[in-house]
Amino acid sequence: MKKKTHLLLAGCILLAACKNEQAPAPVIPNEGLDCKVARIVTSYADQAIQANCTSRGCHTGNIPRGRADFSSPDKLKAYITASRAVFVQRVTSAQADMPPSRFPALSKGMKDSIACWIEHGMPDQ
């Protein structure tokens, strides 16, 4: 009886494994987005920043002077142009502290995408 159960289990596993004709490419841990081939545009980066940096009441332009204003793509680009090292350190680096810990952190993929957009000169298209 035990042998039949093991055979049935092995058959189910093989059947499930053979559903796809081609297995997906393996995911390599700690590999980031390949900026040489990634094409990230302003609209994508801006949507990410709006969802994570302005929608929570931060960086809206309605805050005290001296704080980053990301309320439009042009203002986001102007800030990054003027303070690129600060933006990279605080938003896209491995040690990034934005958004603050009371909010969900940006995913590595999101950070990599924004970093690639900056690296490519913040293209609109």
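Residues numbered from 1 in each chain as written. Predicted model: local features only at pLDDT ≥ 70, side-chain atom pairs only at ≥ 80, totals over all residues. Heavy atoms only, no water.

Q: Looking at this structure, how should I read the nonpolar core?
A: Soluble globular proteins tend to pack their nonpolar side chains together in the buried interior. Core analysis: the largest hydrophobic core is formed by 20 residues, its most contacted members being Phe87, Ile114 and Trp117. Broken down by secondary-structure element, the contributors of at least two residues to this core are helix H2 (42–54), helix H3 (73–82), helix H4 (84–92) and helix H5 (108–119). Examining the composition of this core, we find that five residues originate from one element, H5, more than from any other. In contact with phenylalanine 87, not counting residues within four places along its chain, are Ile49, Phe70, Leu76, Tyr79, Ile80, Thr92, Ile114 and Ile118. (Core = buried A, V, L, I, M, F, W, Y, C linked by side-chain atoms within 4.5 Å. Buried < 20%, exposed > 50% of the residue type's maximum accessible area, 1.4 Å probe, protein only. Helix = DSSP H or I, 4+ residues; strand = E, 2+ residues; numbered from the N terminus. Contact = heavy atoms within 4.5 Å.)

Q: Would you take a moment to explain the environment of aspartate 46 for this structure?
A: Inspection of the secondary structure puts aspartate 46 in helix H2. Taking the relative accessible area as the measure of exposure, aspartate 46 reaches 13% and is therefore buried. In this structure, the C-alpha to C-alpha distance between aspartate 46 and proline 73, residues 27 residues apart in sequence, is 5.9 Å. When neighbours within four sequence positions are excluded, aspartate 46 is seen to be in contact with Ser72, Pro73 and Leu76.

Q: Could you clarify how one ought to interpret the pattern of salt bridges in this entry?
A: When the charged atoms of two side chains with opposite charge come close together, those side chains can pair. This model, assessed by the stated rule, comprises four salt bridges. Between lysine 75 and aspartate 69 there is a salt bridge, and its shortest N-O distance comes to 3.4 Å. Relative accessible area serves as the criterion here: at 42%, lysine 75 is assigned to the partly exposed category. Ionic pairing is found between lysine 77 and aspartate 124, a salt bridge with its closest N-O pair at 2.6 Å. Of this pair, lysine 77 sits in helix H3 while aspartate 124 sits in the segment after H5; the two residues are 47 residues apart in sequence, bridging distant segments of the chain. (Salt bridge = Lys/Arg side-chain N within 4 Å of Asp/Glu carboxyl O.)

Q: How do you make sense of the confidence of the model for the protein when you look at a structure like this?
A: Low pLDDT marks regions whose predicted coordinates should not be analysed in detail. When pLDDT is averaged across the protein, the result is 78; 71% of the residues are at 70 or more. Between the elements of the protein, mean pLDDT differs from a low of 43, seen in helix H1 (residues 2–17), to a high of 95, seen in H3. A low-confidence stretch, residues 5–30 stays under pLDDT 50, and its non-local contacts, those more than four residues away or across chains, total zero contacts. (pLDDT = per-residue confidence, 0-100.)

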